[in-house]
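This is what each chain is made of:
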Amino acid sequence: MKQRIRVALTVLVLTFLSTGFLIAFTENRYLIAAGFVVNGLSLLWLVTILYRFVKTLVKETNSILAFKIDDNVNLSVNVFDKLAENQLLIKRKFDLTAQYIKQIDSTQSEDEMDALVKNDAIGQAIYSVKGQLQRLKEEEDKRNWVNQGMARFSEILRDKSELTTYTQQIISQLVRYLGANQGALFLEKSNEDDRYMEMVACYAYDRKKFLDRRINEGDGILGQCMLEKDFVFITDVPGDYVKITSGLGEATPRNIVVAPLIFNDKFYGAIELGLFDVMPLHHKEFLKRVVENIASEMASQQGYQHTQQLLNESKTLTTELQTREEMMKQNLEELAATQEEMARKQSELSGVMHAIDSTLATAEFSLSGNLIRSNNLLASFLKCTQGELNTKDYTILMRKQVMAWALITHGKIKAGDFETLDKNGESVWLSITFTTMLNAQQEVERVLCMIQDITSKKNKEIEFERLSLVANNTDNSVIITDANGITEYVNEGFTKMTGFAPQEIIGKKPGDLLQGPLTDQETVNKLRTMIESQEPIFEEILNYNKNGETYWVSLAINPVTNEAGEVEKYISIQADITETKMRALDFHQKMKALSKSNAIMEMDLAGNIIEINDNYAHLLGYEVNELLGKPYSVITKREHIFGKLLVEIRNNGLQSGEYKRFDKSGNSHCMKLMDYPVVDLKGDLIKIIEFGVDVSKQKLLEKEAERKQVELGSYLSAINNTIASAEFDLAGNFIAGNDIFLTVMGYKQDELKGNSYKDLMIDEPSVHMMWENLRLGKFFSGEFRLKNREHQELWLTGTFNPILVQSEVPDKIMMFAQFTTQEKEKINDLSSVINSLKATLPIVEFNENFSCKTANERFLKLFDLTRQQIRGKSFNDFVDDYYKSVFTTMQSDMLNQEHATLLIPFTIGDRTATFETSLTVIRNLEGKITRFVFILIKVVEERIPVMAVV
């Protein structure tokens, strides 16, 4: 159209020029008229072209303005006005479009848009873009809300405090941030029998619902969450489940959410939330992410509490060891004085136990008077079998004079002498002591009877005749006194033992002549007390003979009563046990010295070696027989050393210190020695025991320290060839790894370089938290998992170490670890085998001193015991009395082997059963025994004479 207008204008100009030329240069009117006609036609043609152009412009502008297009537009001035009007409207439309684009993020609706733009394609496009932008903004707001919440709770979780305050802060902040109405936090608890959860914190919660604060596994919604370890979202809430209370009243929530606290696939607790509105999806996403962090912190809290407990125990043990070390030094000086007392008390205890077992029968009766159990001695008193007594009642003890059982159970009759009949109908006299046994409620549960056969006392004439016969034909001392302890008779054995003639002792108390300065006054007082209580006495005491020499006797004193039960006389029989006592004292001293050191040697007062153990001899390059009888100077290389040592021991007692001792080749050994004096009953020195350890190596520590610096490089190289190592920068990007790490992971060095730790480690919150702590310079040690080239899971045990060079900010992170995937699988397999074994056979564990540590359910059921009852028992409590001494002799053989199969007679109730038993000795890394494990394999039917090794 524009080209046509240009052509028309050109033609019109040419026609006007031609007409003007004709007028100027010709007078021909026809030519001039023709020129004017041509000019008119050109002008008409130009007007026609302009009309069409204006018409087209009007149609186009109407189209732009979305007006109805009219094809019948006439050529008039109005057309040009319309064109001008459309031009103004187009300009206004463009201005409105620019304004709406600037306000595209406003909340203006489509109805509020100007009609000029509203129905236009551009207006529709602007509104569509505006809607999309609003949706994107809402999604971005939700993501920001989630991220802000995670950051906020990261700060809350880092601000650790006491558990109650800490959990209360977590649940209150979580309820507020989620816009919930109430919430509660439950933590997992467990004991030996079951698992349960306990509410530790709540916010606007109805505590009456959980008054006992305990949720058992599988109990209700919370218990089901604990069992399945998964989220629970409930919108159909029962009316009586829980109420949300406010100032306006109370109502049932529309939505209940239970979120489990799980970290590393382990359940730590749950969070329960109540809402009036259904929880939005981005709130659920936030809740799922934040409970992982909360679970991680709960796991950290548990680990911290366990570590703190172990640290406190370690500090306590350290203090206790230091105290014990000081006490040991003091006890060495008191050892000589306490040995005699310990031996006496041991003999006293053995005498009492032997006396009870030898002379007293025992029987237990129920409240109704029926016999529950008795020992074999009662059956022997009544000349019947144990089985014949099982169906009897208390009258079996007093057939001639039956007393009311109620008088006994109410404590009105506590002791007495009763006549009964044995199986053959013969008269038997029994001295019985009744003791009521109380239960935990201090109620009488049963009656224990201590029974002694006193038939012989009732036949005293025969007894005295027999006593005289025995007294005149024995080397033992026999003394008979009256009720006041005045001697009436002594036999010849008394004179042989003491040197006192009968006339020197008769009319006096035995203690006035036989007791001296070294006689133990506590034992004397005990004898007097027992005599006053008219009890039989079995005791050991140190006496003096006529020459003032000491000797040890084992004495038995029995009261003799008349028919009224009054004591008339005391009969004392004494046996000389001096030689036995000396051997026991010598044995205890050797055992005490042995427990203090590995190298042991004994010397007489002349300085000759009379005994030496293998450790000492082999340390110096000798055999034991090469040193026996040799002088002390053989190993000291100085003649005067022993004389000086003897003087120091006589004056000051125990000697200790570090000295040089020379081996067979003449090489010196620095030894820490302790020389201990051994004395006889009079306190005179008879020999010296020396024990010690070689501390030569300790003297080389300074040289070793210098050498270690040189060896450090070698050690690092050895570590690199032994365990896997890898190097990361602070961002967690891989820098380098050794051959072991690359081989197991299946990568080459160049393939891993620059990769993030996220590509190698299992994606879990604890891993990211570990790396945050590493960047802060904190050390990490423990188990972790990696992914190899085939994305298989690998287990490692090791450390991540921040490397600090010149500042507190680490320069890089080093990993040192061992791949333990196979060991992990073996441990799982071994655990399955052990659990299967525990479920099949009775198993019991004992500590190193043979006190009971623990047992499985099958063992407890077999012996009818609880876990609390078994903790106070020892090995001897489970075996027959006959075998206890046999077990004592076998202990040393058992301690020197790792595993053995034994035939052990166990006492189960009132019967003895022999089990084929597997014994395993458990030792720690230092080789010391920590416990013994006995597995009862099967019952052996035949009774064995001794405890045997299969």
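Just above sits the structure.
Numbering of residues starts from 1 in every chain and runs along the sequence as written. In view of the model being predicted, local features appear only for residues whose pLDDT reaches at least 70, and side-chain atom pairs are presented and counted only at 80 or more, with totals across whole chains, interfaces and linings using the full set of residues. The basis for every side-chain value is the complete set of non-hydrogen atoms in the structure, without hydrogens or water.

**Q** Give me the lowdown on the sheet that holds strand 13 (residues 444-453), citing residues and values where you can.
**A** The five strands are arranged 10-9-13-12-11 in an open sheet whose pairing can be described as antiparallel. For this open sheet the edge positions go to strand 10 (371-374) and strand 11 (415-421), each flanked by a neighbour on one side alone. Pairs of neighbouring strands in the sheet enclose a mean axial angle of 30°, with direction left out of account. Being paired, for any two strands, means DSSP has found at least two bridges between them. For helices the rule is a DSSP run of H or I covering at least 4 residues; for strands it is a run of E covering at least 2, with both sets numbered from the N terminus onward. Sheet analysis places strand 12 (residues 427-438) next to strand 13, joined by nine bridges and oriented antiparallel. What sits directly across from Thr433, in strand 13, is Met450. Axes here mean lines fitted to C-alpha atoms, for a helix over just the part in contact, with angles spanning 0 to 180 degrees between N-to-C directions.

**Q** Residues and numbers for the nonpolar core, please.
**A** Definition used in this section: a nonpolar core is a set of buried Ala, Val, Leu, Ile, Met, Phe, Trp, Tyr and Cys residues joined via side-chain atoms within 4.5 Å. The cut-offs for exposure are 20% and 50% of the maximum accessible area for each residue type, with area from a 1.4 Å probe on protein chains only; residues under the lower value are buried, those over the upper are exposed, and the others partly exposed. Judged by nonpolar contacts, the single largest core of 35 residues is most densely connected at Leu261, Ile271, Leu273, Phe286, Leu287 and Val290. For this core, the secondary-structure elements that each account for two or more residues are helix 5 (121-158), helix 6 (163-178), strand 1 (182-190), strand 2 (195-203), strand 7 (255-263), strand 8 (266-275) and helix 8 (281-359). It is helix 8 that provides the largest number of residues to this core, a total of eight residues. Note on contacts: a residue pair is in contact if any heavy atoms of the two residues lie within 4.5 Å. If we skip the residues at most four places from it in the chain, Leu261 touches Phe186, Leu187, Lys266, Phe267, Tyr268, Gly269, Ala270, Ile271, Val291, Ile294, Ala295 and Met298. Among the nonpolar cores identified, the runner-up in size contains 29 residues, and Phe850, Phe863, Ile870 and Phe934 belong to it.

**Q** Quick one: what's the story with the pairing of strand 28 (residues 812-819), residue by residue and with numbers?
**A** Bridge count for strand 24 (residues 724-728) against strand 28 is five bridges, and the pairing is antiparallel. Its bridge partner being in strand 28, Glu727 is matched across the sheet by Met814. Pairing analysis gives eight bridges linking strand 27 (residues 793-803) to strand 28, with the strands arranged antiparallel. In the sheet register, Leu796 faces strand 28, and the bridge partner there is Phe819.

**Q** Describe in detail the pattern of salt bridges, supporting the description with residues and values.
**A** Put simply, a salt bridge is a Lys or Arg side-chain nitrogen that is within 4 Å of an Asp or Glu carboxyl oxygen. With the rule as written, the count across this model stands at 23 salt bridges. The partner of Arg195 in a salt bridge is Glu217, with the nearest N and O atoms 2.7 Å apart. Within this pair, whereas Arg195 is found in strand 2, its partner Glu217 is found in the loop between strand 3 (214-216) and helix 7 (220-228), the two being separated by 22 residues in sequence. Residue Glu419 pairs with Lys400 through a salt bridge whose shortest N-O separation is 3.5 Å. Separated by 19 residues along the polypeptide, Glu419 in strand 11 and Lys400 in the loop between helix 10 (386-389) and helix 11 (405-409) bring together distant segments of the chain. Overall, Lys400 belongs to the partly exposed group, its relative accessible area being 47%. The network of salt bridges with shared partners includes Glu364, Arg373, Glu445 and Arg446.

**Q** Requested: an account of the side chain of Asp482, with residues and values cited.
**A** Secondary-structure assignment places Asp482 in strand 14 (residues 477-482). For the buried Asp482, which has no salt bridge, the nearest side chain bearing the opposite charge is Lys569, at an N-O separation of 7.6 Å. Any pair of nitrogen or oxygen atoms within 3.5 Å is treated as a polar contact; in protein, a donor-acceptor pairing is required on top of that, and neighbouring residues in sequence qualify only through side-chain atoms on both sides. Reaching out from Asp482, the side chain makes a polar contact with the backbone nitrogen of Gly485 at a distance of 3.0 Å. For Asp482, the side chain forms a polar contact with the main-chain nitrogen of Ile486, separated by 2.9 Å. Beyond its immediate stretch of four places on either side in the chain, Asp482 contacts Glu488, Glu568, Lys569 and Tyr570. His is not counted, nor are the chain ends; Lys and Arg add positive charge and Asp and Glu add negative charge.

Everything listed here is a matter of geometry and, on its own, says nothing about what the molecule does.
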